[in-house]
Amino acid sequence: MDYKREIKLLSIEPRNKPRLSEVLVKLACAKCKYKEKILSLNEITRILFSIQGCRPSSWLSCFRTIPSAGATYPLEIYFISSGIEGLEEGIYSYNPKRHSLTLVYSDSSLDFSGVLVNAVYERTTGYYGSRGYMYVREEVGHAIQNAVVTSCSLGFKADVYLSESIPGKILELNNMLKGVSEALIILEPYNGEGKELRELPISIKRELSLDEAIIKRKSVRSYERKPLSLNDLNYVTYLSIYEFCEGTRTYPELNSRYRDNIILVVGEVDSIDNGIYIFRSDTGEFEVLSRGDYRRELMKASLSQRWVGEAPVSIVIVGEGDIRSEYEAGMIGQNIYLSATAIGLGTVAIGAFYDNMVREIVGVGRPLYVMPLGYPRKKLF
Ligand SMILES: Cc1cc2nc3c(=O)[nH]c(=O)nc-3n(C[C@H](O)[C@H](O)[C@H](O)COP(=O)(O)O)c2cc1C
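These numbers were taken from a predicted model, which means no experiment stands behind them.

### Focus: the overall build of the protein chain
- A tally of regular secondary structure across the protein chain gives 11 helices and 13 strands.
- With respect to the three principal axes, the spread of C-alpha positions in the protein chain is 60 × 45 × 35 Å.
- Across the 381 residues of the protein chain, 48% fall into the buried class.

Now the structure itself:
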């Protein structure tokens, strides 16, 4: 890498506004602040940091703003610059450890600005074998969601294209870049009124801002033995997947439809009987699928990872056989992390489980993630 062409980025100061719920609801309803101006370097920096930045508490080890299976970090992030003041047009590589951009290809014929998410699969498949392919695609989903939600908070629309619909020109350039192109996120100003939105049907006492939730997010594997309040569970389920506007959820559709659902394996939640429930993303109802405490079974199916048995509830993301379901699971998973963090709950994305055993427990769909949820033994903030 030619560091002479490196642009050091300013470190990120988390904004105390907007609140997480405010942004996610606006995102669902295409109501992100209307703006006509062009992206600034400061706004680009925020978006890149949200996708792959090193969390401030972990400069040495560089734990990122999104989770990664075994911290293998297979993603490489590029910024495509067109018409941005003070930034030569072309493709830049983002270096999370140096928090910098380096021009890797100069091109003034590009007619959009955006983020390209590439993946070096071997970093993850080297450890996890063929299971690693799903993990990487889930991670791309986490990256997309942080990019989209941060763009929304800055007043920009982020259109997501998965590899099969990335423009040929970008794919041609790919041989100069590390990894395979997984997703292109084109950033544009918002120019619409958005849709009529439904209010969040729960009360929120204290909640972090979007930026604080992104920075404080981390995986939690130890939970207090106390029941989860229904209000806290609702906050997480609603913000993760609810259709705040008719037909549109708190994350973007991939190729024009949603494929995934969330199932709750309830062990200790105030005012809900133990059992397995599907959360209806259109009505917000928990529909019972079976009764009883299935946490031990779910823990065994998750390679006996203790935290699955310990948490008062686990969210299982289920989808279809299609690989787009895996990207979508990452987007929902990121919403679960962010919303849990915003109200002081903990969670961890679990990909290591026996598919057939989890499938048998939940009874619907193809399991993509198991995410225990509870009050962390060690407070997050
Ligand atoms: C696809 C995927 C699969 C994961 N599977 C597991 C798992 O089976 N068990 C676990 O404890 N953590 C799992 N994790 C969490 C990672 O270990 C964690 O994100 C990583 O150590 C970085 O830590 P952080 O999330 O606190 O930044 C997984 C994360 C991802 C993205």
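Following the structure, the description resumes.
### Side note on the pairing of strand 9 (residues 275-279)
- The buried fraction of strand 9 amounts to 4 of the 5 residues, a majority that puts the element mostly inside the structure.
- Sheet analysis places strand 8 (residues 261-266) next to strand 9, joined by 5 bridges and oriented antiparallel. In the strand pairing of strand 9, V266 is matched with G275.
- Sheet topology note: the strand 9/strand 10 (residues 286-291) ladder contains 5 bridges and is antiparallel. Bridging across to strand 10, Y277 finds its partner in V288.
- Hairpin geometry of strand 9 and strand 10 is characterised by an intervening segment of 6 residues between the two adjacent antiparallel strands and by a positive phi of about 80° at G284.

### Description of the sheet that holds strand 1 (residues 6-8)
- Taken in spatial order, the 7 strands make up an open sheet running 1-4-3-2-5-7-6, and their pairing is antiparallel. With one partner strand each, in any of the chains shown, strand 1 and strand 6 (156-162) form the two edges of the open sheet. Taken over all neighbouring pairs, the strand axes of this sheet differ in orientation by 25° on average, direction set aside.
- Two elements, strand 2 (residues 75-81) and strand 3 (residues 90-95), share 5 bridges in a ladder whose sense is antiparallel. By the bridge assignment, Y78 is partnered in strand 3 with S93.
- With respect to the sheet, helix 4 (residues 131-153) is in contact with strand 2, strand 5 (113-119), strand 6 and strand 7 (180-189), its orientation differing from that of strand 6 by roughly 160°.

### A short note on the site of the ligand
- Around the ligand, a shell composed of 18 residues is seen, among which P67, K218, S219, G351 and A352 lie nearest.
- Residue composition of the shell around the ligand, grouped by class: 9 nonpolar, 5 polar and 4 charged.
- Taken domain by domain, the shell around the ligand gets at least three of its residues from each of domain 1 (32-189) and domain 2 (214-374).

### Some details on the packing of helix 2 (residues 41-52) against helix 4
- Close contact between helix 2 and helix 4 brings their axes to 8 Å; oriented N to C, the two are set at 150°. The orientation of helix 2 relative to helix 4 falls into the category roughly antiparallel. Our pair here, helix 2 against helix 4, has a crossing hand that is right-handed. In this structure, helix 2 uses R46, I47, S50, I51 and Q52 to contact helix 4, whose residues at the interface are A143, N146, A147, T150 and S151.
- For the contact of helix 2 with helix 4, a count of residues per class yields 4 nonpolar, 5 polar and 1 charged.

### Structural notes on the sheet that holds strand 11 (residues 313-319)
- Across the sheet, 6 strands lie side by side as 10-9-8-11-13-12; this open sheet has antiparallel pairing. Each end of this open sheet is capped by a strand with a single partner; those strands are strand 10 and strand 12 (346-347).
- Sitting on the sheet, helix 11 (residues 355-362) touches strand 8, strand 9, strand 11 and strand 13 (366-374), and the angle it makes with strand 13 is about 70°.

### Remarks on helix 2
- Here helix 2 contains 12 residues, and its C-alpha end-to-end distance of 16 Å stays within 8% of the 16 Å for a straight helix at 1.5 Å per residue.
- Buried residues dominate helix 2, accounting for 9 of its 12 residues.
- When helix 2 is considered as a whole, its buried residues turn out to be I44, T45, R46, I47, L48, F49, S50, I51 and Q52.
- For helix 2, the elements touching its buried residues are strand 2, strand 3, strand 5, helix 4 and helix 6 (210-216).

Calculation criteria
- Residues numbered from 1 in each chain as written.
- Predicted model: local features only at pLDDT ≥ 70, side-chain atom pairs only at ≥ 80, totals over all residues.
- Helix = DSSP H or I, 4+ residues; strand = E, 2+ residues; numbered from the N terminus.
- Buried ≥ 20, exposed ≤ 12 C-beta atoms within 10 Å, placed from the backbone.
- Pairing = 2+ DSSP bridges.
- Axes fitted to C-alpha atoms, helices over the stretch in contact; angles between N-to-C directions.
- Contact = placed C-beta atoms within 7 Å.
- Near = placed C-beta within 6 Å.
- Nonpolar A, V, L, I, M, F, W, Y, C, P; charged D, E, K, R; others polar.
- Domains from an automatic or database assignment.
- Parallel < 35°, antiparallel > 145°, perpendicular 65-115°, else oblique.
- Left-handed = near helix turned anticlockwise from the far one by under 90°.
- Expected span 1.5 Å × (residues − 1).

In short, the description is geometric, and any link to function would need to be established separately.
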